[in-house]
Every structure is written in structure tokens, then in C-alpha cells.
Amino acid sequence: MEQLKSYASIVVVLIAGILLQIILVWADCKDTPGKAAVRFTKAYYGLDPSMREDLCTKTLDAAGGNVVENYIRQISKEAENRGFGPNYMKHILYNIETHTHRMDDGTAEVRITAKRRVSINPVYALVAKFFLIGETYKVDERLTVVKEDGRWKVCGEPFSL
């Protein structure tokens, strides 16, 4: 009987832990203005064309629908003028912090702060950080985020896009 009580307490703790994990995973899957801002910022500095998915319709229509392509072309041209490939202009973000100020149910302002470092390839940023080589740049920007089609999207002129 004593042995059954010790097993019962272990089983109860395991079930409680599993339920807590399920609740936390479910809560983390919810789209928020902060997550949208981080997703967009990472794509922006990584020169990832997927940033288009995180821009609102108003911003996408600003330059005839080619805002993202024009930006990536401009950055690639700048890299070429400096004698580098387009990958040289990619950056990786770390120490990301966000502060969200909700204006109403469909609009929010997100202040995002982070540090960025050149990331020619994924290993480069880690090696540069470990050996303290390369420059670290600060990112401190306020992004307007709106709820459009059930998703939070960045609107306005983010990072002078």
C-alpha cells in the first residue's frame, strides 16, 4: 500500500506537468503584435522576401506592390557597389526585446530593441560573437502593427522601407 502511494504522487505530478506544457504551448501559438514585429524585423535584416507576408496591404501597395523587391534590389546594389555579394548585407538579431502599447483592438505600437551583427552565413555570427570580431549595431525602432485578415501585420514605414 505504501508503495502504491509513492507511485500515485509521481503519476499526479507527471500528469500536471504534461497539462501545464500543453497549456503553455497553446498560449505561445497565439499571434501577437510583438511576435509580428519580431518576425518582420528578422526577415527585414535577413533580407528574406517572406517579410512581404508581415506587411499590411497599405504598405505593400505604396510602391506598386514591389516594396520588398525594391528594398532587396537596393541593398544588393549597395553590396555590389562596395564589392561584396548580397549575403554580406544580411544581419542576425539577438537580445530582442519588445514593448507593446495597444491603441485599440486592431492597432498597436511596438517598440523593438535588439542588437544585430553581420551574418554572411549562420556560423559567421556565432564565430564573430565568440571571438569578439565584427561590429554590433543597435536596433531601436517603433513599428505600427495592425490586425488585418485575422493576423497582426506591420504597417506604415518600418525601418524606412
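The structure contained in this document is the topic of the report that follows. (Residues numbered from 1 in each chain as written. Predicted model: local features only at pLDDT ≥ 70, side-chain atom pairs only at ≥ 80, totals over all residues. Heavy atoms only, no water.)

**Overview of the overall build of the chain**
Reasoning step 1: Scanning the chain from terminus to terminus reveals 5 helices and 4 strands.
Reasoning step 2: Of the regular secondary structure in the chain, the N- to C-terminal order runs α-α-α-α-β-β-α-β-β.
Reasoning step 3: The globule rule puts the C-alpha radius of gyration for 161 residues at 15 Å, and the 21 Å found for the chain is more than 25% above it.
Reasoning step 4: Within the span of the chain, comprising 161 residues, buried residues form 31% of the whole.
Reasoning step 5: Across the chain, every contact between residues at least 6 apart in sequence was considered, and the portion connecting residues at least 24 apart equals 57%.
Reasoning step 6: Accessible surface for the chain amounts to roughly 10800 Å². Of this, 58% is attributable to carbon and sulfur atoms. (Helix = DSSP H or I, 4+ residues; strand = E, 2+ residues; numbered from the N terminus. Rg over C-alpha atoms; globule rule 2.2 N^0.38 Å. Buried < 20%, exposed > 50% of the residue type's maximum accessible area, 1.4 Å probe, protein only. Contact = heavy atoms within 4.5 Å. Areas by Shrake-Rupley, 256 points an atom, 1.4 Å probe, with all protein chains shown as cover.)

**Focus: the side chain of Ser119**
Reasoning step 1: Following the sequence through the fold, Ser119 ends up in the loop between strand E2 (107–118) and helix H5 (122–130).
Reasoning step 2: Setting aside residues up to four positions removed in sequence, Ser119 forms contacts with Asn87, Lys90, His91, Ile92, Tyr124 and Ala125.

**Remarks on helix H2 (residues 33–45)**
Reasoning step 1: In a regular helix each residue adds 1.5 Å, so 13 residues correspond to 18 Å; H2 covers 18 Å between its end C-alpha atoms and thus fits that length.
Reasoning step 2: Where burial is concerned, most of H2 is hidden: 10 out of the 13 residues are buried.
Reasoning step 3: Of all the positions in H2, only Pro33, Gly34, Ala36, Ala37, Val38, Phe40, Thr41, Ala43, Tyr44 and Tyr45 are classed as buried.
Reasoning step 4: Structurally, H2 contributes buried residues whose contacts are with helix H4 (67–81), strand E1 (91–104), E2, strand E3 (136–148) and strand E4 (151–155).
Reasoning step 5: Positioned one or two residues after H2, Leu47 has a phi angle of 55°, which is positive. (Expected span 1.5 Å × (residues − 1).)

**Looking at the environment of Ala36**
Reasoning step 1: Mapped onto the fold, Ala36 is located in helix H2.
Reasoning step 2: Residues in contact with Ala36, not counting those within four places in the same chain, are Asp31, Val145, Trp152 and Val154.

**Observations regarding a nonpolar patch on the surface**
Reasoning step 1: A cluster of nonpolar residues, Val11, Ile15, Ile18, Leu19 and Ile22, forms a patch on the protein surface that exposes about 470 Å² of accessible area.
Reasoning step 2: Within the fold, Ile22 resides in helix H1 (residues 2–28).
Reasoning step 3: Overall, Ile22 belongs to the exposed group, its relative accessible area being 52%. (Patch = residues over 30% accessible without salt bridge, like charges linked within 9 Å, V, L, I, M, F, W, Y side chains within 5 Å. Salt bridge = Lys/Arg side-chain N within 4 Å of Asp/Glu carboxyl O.)

**Quick notes on the nonpolar core**
Reasoning step 1: Residues Phe40, Tyr44, Met51, Tyr71 and Phe159 are the most contacted members of the largest nonpolar core, which totals 28 residues.
Reasoning step 2: Put simply, the parts of the chain that give this core at least two residues each are H2, H4, E2, E3 and E4. (Core = buried A, V, L, I, M, F, W, Y, C linked by side-chain atoms within 4.5 Å.)

**Description of the environment of Asp140**
Reasoning step 1: Among the secondary structure elements, Asp140 is positioned in strand E3.
Reasoning step 2: With a relative accessible area of 46%, Asp140 lands in the partly exposed category.
Reasoning step 3: C-alpha of Asp140 to C-alpha of Ile96: the two residues are 44 residues apart in sequence and 10.0 Å apart in space.
Reasoning step 4: Discounting residues that sit within four places of it in the chain, Asp140 has contacts with Arg111, Ile112 and Thr113.
Reasoning step 5: A polar side-chain atom of Asp140 sits 2.8 Å from a polar atom in the side chain of Arg111. (Polar contact = N/O pair within 3.5 Å; in protein donor to acceptor, adjacent residues only side chain to side chain.)

**With respect to the sheet that holds E3**
Reasoning step 1: With respect to topology, 4 strands assemble into an open sheet ordered E1-E2-E3-E4, the strand pairing being antiparallel. Each edge of the sheet is formed by a strand with only one pairing partner; in this case those strands are E1 and E4. Going from strand to strand, the sheet's axes swing by 30° on average, the running direction of each strand aside.
Reasoning step 2: Of the strand pairs in this sheet, E2 and E3 are connected by 11 bridges, and their pairing is antiparallel. Across the sheet, residue Thr107 finds its bridge partner in E3, namely Val146.
Reasoning step 3: Running over the sheet, H2 touches E1, E2, E3 and E4 and is turned about 145° from E1.
Reasoning step 4: Sitting on the sheet, H5 is in contact with E1 and E2, with an inclination near 70° to E2. (Pairing = 2+ DSSP bridges. Axes fitted to C-alpha atoms, helices over the stretch in contact; angles between N-to-C directions.)

Keep in mind that these numbers describe shape and distance, not what the molecule does.
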